[in-house]
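Letter by letter, the chains look like this.
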Amino acid sequence: MPSAVTSPHLPAPGGFYSPAVRAGNLLFLSGQLPLDAHGRLVSGGIVEQTNQVLANLQHLLHAAGADLTHLVQVTIYVAGIEHWPLVNSTYAAFLAAVPVPPARAVVPVPELHYGALVEMQAIATINV
């Protein structure tokens with residue numbers, strides 16, 4: 001039976017969804033925006049937003065008893081492909097200690113919720 005995973009470090013969902021769902025040894029992480037625990041868009045540019053999104057994914061992983069090394073797939077939505085070089089370098093630095101980088105897709109989009117520049121969703125494996 002699937003179970004929801006939440007973290008006190010994230011804002012409450014703004015719609016009808018779970019921040020993450022554990023199903024067996026898989027963890028499906030919903031799209032994370034660069035929002036702080038109070039639901040505010042972080043200040044700064046694409047680097048700060050990318051770091052916040054990655055921190056939000058990390059909070060959900062920790063809540064499920066996992067970490068960044070458990071990521072197997074990440075989808076990145078970026079509002080404006082011109083941001084991609086900084087998103088990529090920030091992502092690489094954040095995951096530098098991960099021995100096997102997760103599979104990844106990058107999807108340029110015209111806009112994201114709340115004026116965010118980046119959003120990421122992921123799938124991880126976890127111990128049952």
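Higher on the page you've got the structure.
Residues numbered from 1 in each chain as written. Predicted model: local features only at pLDDT ≥ 70, side-chain atom pairs only at ≥ 80, totals over all residues. Heavy atoms only, no water.

Considerations on the layout of surface pockets
Estimated volume of the largest pocket: approximately 340 Å³. For the largest pocket, the lining is made up of 18 residues, of which Pro-13, Gly-14, Tyr-17, Leu-33 and Leu-35 are closest to its centre. It is strand E3 (residues 26–32) that contributes the most residues to the lining of the largest pocket, 3 residues altogether. Here the lining of the largest pocket is built from residues that sort into 9 nonpolar, 8 polar and 1 charged. (1 Å grid on protein atoms, 1.4 Å probe; cavity = no way out; pocket = protein on both sides within 12 Å on 5 of 7 lines; lining within 4 Å. Points joined across faces, edges and corners; volume = space filled by probe spheres on them. Helix = DSSP H or I, 4+ residues; strand = E, 2+ residues; numbered from the N terminus. Nonpolar A, V, L, I, M, F, W, Y, C, P; charged D, E, K, R; others polar.)

Concerning the pattern of salt bridges
What the rule picks out here adds up to 1 salt bridge. When the shortest N-O distance is used, the salt bridge between Arg-40 and Asp-36 registers 3.3 Å. On the basis of relative accessibility, which here comes to 18%, the residue Asp-36 falls in the buried class. (Salt bridge = Lys/Arg side-chain N within 4 Å of Asp/Glu carboxyl O. Buried < 20%, exposed > 50% of the residue type's maximum accessible area, 1.4 Å probe, protein only.)

A closer look at the packing of helix H1 (residues 46–63) against helix H2 (residues 84–94)
The packing of two helices is summarised by the inter-axis angle and the distance between the axes. The geometry of H1 relative to H2 is characterised by a closest axis approach of 9 Å and an angle of 40 degrees between their N-to-C directions. Between H1 and H2, the crossing angle belongs to the class labelled oblique. Two packed elements cross with a definite hand, and for H1 against H2 that hand is right-handed. Across the interface between the two elements, Ile-46, Val-47, Thr-50, Asn-51, Leu-54, Ala-55 and Gln-58 of H1 pack against Leu-86, Val-87, Thr-90, Tyr-91 and Phe-94 of H2. The residue makeup of the contact of H1 with H2, split by class, is 8 nonpolar, 4 polar and no charged. (Axes fitted to C-alpha atoms, helices over the stretch in contact; angles between N-to-C directions. Parallel < 35°, antiparallel > 145°, perpendicular 65-115°, else oblique. Left-handed = near helix turned anticlockwise from the far one by under 90°. Contact = heavy atoms within 4.5 Å.)

Quick notes on empty space enclosed by the protein
Across all of its chains, the model carries 1 cavity of 30 Å³ or more by this definition. Empty space within the largest cavity amounts to approximately 30 Å³. Every residue lining the largest cavity is listed: Leu-54, Leu-57, Leu-68, Leu-71, Val-74, Tyr-91 and Leu-95. Put simply, the parts of the chain that give the lining of the largest cavity at least two residues each are H1 and strand E4 (71–79).

What about the sheet that holds E3?
On the basis of which strands lie adjacent, the open sheet formed by 6 strands has the order E1-E2-E3-E6-E4-E5 and mixed pairing. Strands at the two margins of the open sheet, each flanked by one partner only, are strand E1 (3–5) and strand E5 (103–109). When the angles between neighbouring strand axes are averaged without regard to direction, this sheet yields 15 degrees. As defined by bridge partners, strand E2 (residues 20–23) adjoins E3 across 4 bridges and the pair is classed as antiparallel. Residue pairing in the sheet places Ala-23 in a bridge with Leu-26 of E3. (Pairing = 2+ DSSP bridges.)

A closer look at H2
For H2, the full list of buried residues reads Trp-84, Val-87, Thr-90 and Tyr-91. Angularly, the buried residues of H2 cover 135 degrees about the axis, an arc narrow enough to put them on a single face. In H2, the exposed residues that point more than 90 degrees away from the buried face are Pro-85 and Ala-93. Where H2 is buried, its residues touch H1, E4, E5 and strand E6 (118–125). (Arc of directions from axis to C-beta.)

Some thoughts on unusual backbone geometry
Among all residues except glycine, the phi angle is most often negative; among peptide bonds, the trans geometry is most common. Although it is not a glycine, Tyr-114 sits at a positive phi angle of roughly 60 degrees. Among the structural elements, Tyr-114 can be located in the loop between E5 and E6. Owing to a relative accessible area of 60%, Tyr-114 belongs among the exposed residues under this scheme.

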